[in-house]
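Working through the structure, step by step
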Amino acid sequence: MLRRITLHQLRLFAALARTMNMTRAAEELHMTPSAFSIQIKQLADSFGVALHEQVGKKLFLTEAGRAVAVAAREMVERLDLLGMEIADMQGLERGTLRVAMITTARYFATRLIGDFCRAHKNIEFVLEVVNRDQILHRMRENLDDLYIMGQVPEELDVVAFPVAENPLVVIAPADHPLCGETRIAPQRLAQEPFILREAGSGTRQAIERFFERHRVSPPVRMSLGSDETIKQVVAAGLGLTALSRHVLALDAASGALSELDVEGFPIARQWYVAHLRAKKLSPPARAFLDMLKGKPPAP
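It should be emphasised that the depicted structure is a prediction, and the values quoted were computed from it without experimental measurement. Residue numbers here run from 1 along each chain, matching the order of that chain's written sequence. Per-residue local features are limited, in this predicted model, to residues with pLDDT of at least 70; the limit for side-chain atom pairs, both in listing and counting, is 80 or more; totals at the level of whole chains, interfaces and linings are taken over all residues. Side-chain metrics rest on all non-hydrogen atoms present in the structure, leaving aside hydrogens and water.

1. A few points about the overall build of the chain
Threshold: By definition, any uninterrupted DSSP run of H or I lasting at least four residues is a helix, any uninterrupted run of E lasting at least two residues is a strand, and each is numbered from the N terminus. Burial classes follow relative accessibility: with a 1.4 Å probe on protein chains only, a residue under 20% of its type's maximum area counts as buried, one over 50% as exposed, and anything between as partly exposed. Contacts: residue pairs with any heavy atoms within 4.5 Å of one another. Computed by Shrake-Rupley with a 1.4 Å probe, the accessible areas treat only the displayed protein chains as cover when residues are assessed. The charged-residue count follows a simple rule in which Lys and Arg add positive charge and Asp and Glu add negative charge, with His and chain termini not counted at all. Lysine's charge is taken at NZ, arginine's at CZ, aspartate's at CG and glutamate's at CD.
For the chain, the helix and strand inventory stands at 10 helices and 12 strands. Put simply, the chain has 299 residues, and 47% of those count as buried. For the chain, the share of sequence-separated contacts (at least 6 apart) that also reach a separation of at least 24 residues comes to 74%. Total accessible area computed for the chain in this model is approximately 15400 Å², and 52% of it derives from carbon and sulfur atoms. Charged side chains in the chain number 37 positive and 35 negative. The centres of these two groups are separated by 3 Å.

Written as structure tokens, this is what we have:
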């Protein structure tokens, strides 16, 4: 029965396991949901066991499905890599490059991605912009070639290279009373409500360590998962925030926000590009990694 299994079906199931959504997986592969579903059913029939189950609106893999997903991902990944290696031997540039990055990294990385895509027009660039929890999940599952992040996980065996400075600064609405003051004491911040990134984010962890070190406990009015939303809330006068200076630079023309001169800031941080140590990088991944290491943008 296993001889009836096709590589195409394994690619489909790998996509289903990655997205955990039949419709989204079908859209990614430019198929109708019904055609996609038929192929997944035929794959399950070949194994003689259910590979997934639907509970309410959520899709779950069965134990057999999880085993098939791991094997499918390994086989598809190895075949894709083989195709890239052969193309590399022939002096060709083609294939797929998968990169995941933290949401705040888009403020500096987007231009570099554009430069890479223009220089390598035959390479398909697949980009996932996610939060920290999601990028750690993707790293554990080996879903991407490279990862751009501000804090490298110690619990995973990865290789990481610094590619850009990522200074963390305190930001206030432009009409805030503290704007224009110099050498603001950290203790002064205890009187101001803060709008922070969600718990667990690298930015949130950095500012919390600063507060703890200076024994400052400002009230946290909101926790939000989007820098853009945080900027809007701060501009509306609901509190201060601490974000990457890259974020503030994009709003310089509007004049709605201002960087405060707080002692101890900016907090020096770095952007890193990382990959699993055991990952065999494809030619496109090596080319993008080399570009990031060789062209750090100015903060």
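2. Re the packing of aromatic side chains
Stated precisely, the cut-off is as follows: A pair of aromatic rings is counted whenever rings of Phe, Tyr or Trp (Trp by its six-membered ring) have centres within 6.5 Å, and the orientation is called stacked for planes under 30 degrees apart, edge-to-face for over 60 and tilted otherwise. Each ring is checked for a lysine NZ or an arginine CZ that lies within 6 Å of its centre and within 35 degrees of its normal; such an atom marks a charge sitting over the ring.
Under the counting rule described, the total for this entry stands at seven aromatic pairs. Ring geometry for Phe108 versus Trp271: centroids 5.5 Å apart, planes at 25 degrees, classification stacked. You can see Phe108 sitting in helix H5 (residues 106-119) and its partner Trp271 sitting in strand E12 (residues 270-276), a full 163 residues away along the chain. Pair check on accessibility: Phe108 and Trp271 agree, each one buried. Judged by centre distance (4.4 Å) and plane angle (55 degrees), the ring pair of Phe210 and Phe265 falls under tilted. Here Phe210, found in helix H7 (residues 202-213), pairs with Phe265, found in the loop between strand E11 (257-259) and E12; they are 55 residues apart in sequence, far enough to count as distant. Like Phe210, the residue Phe265 is buried in the burial classification. Here the aromatic residues Phe194, Phe210, Phe211 and Phe265 are joined through ring pairs into a cluster of three or more. One residue, Lys293, lies across the ring of Phe161, its end atom 4.1 Å from the ring centre.

3. Details of helix H6 (residues 132-140)
Where we set the bar: Directions drawn from the helix axis to the C-beta atoms are what define this arc.
Of the positions making up H6, those classed as buried are Arg132, Ile135, Leu136, Arg138 and Met139. Buried residues of H6, seen end-on, are gathered within an arc of 160 degrees and therefore sit on one face of the element. After H6 finishes, the residue Asn142 shows a positive phi value of roughly 55 degrees.

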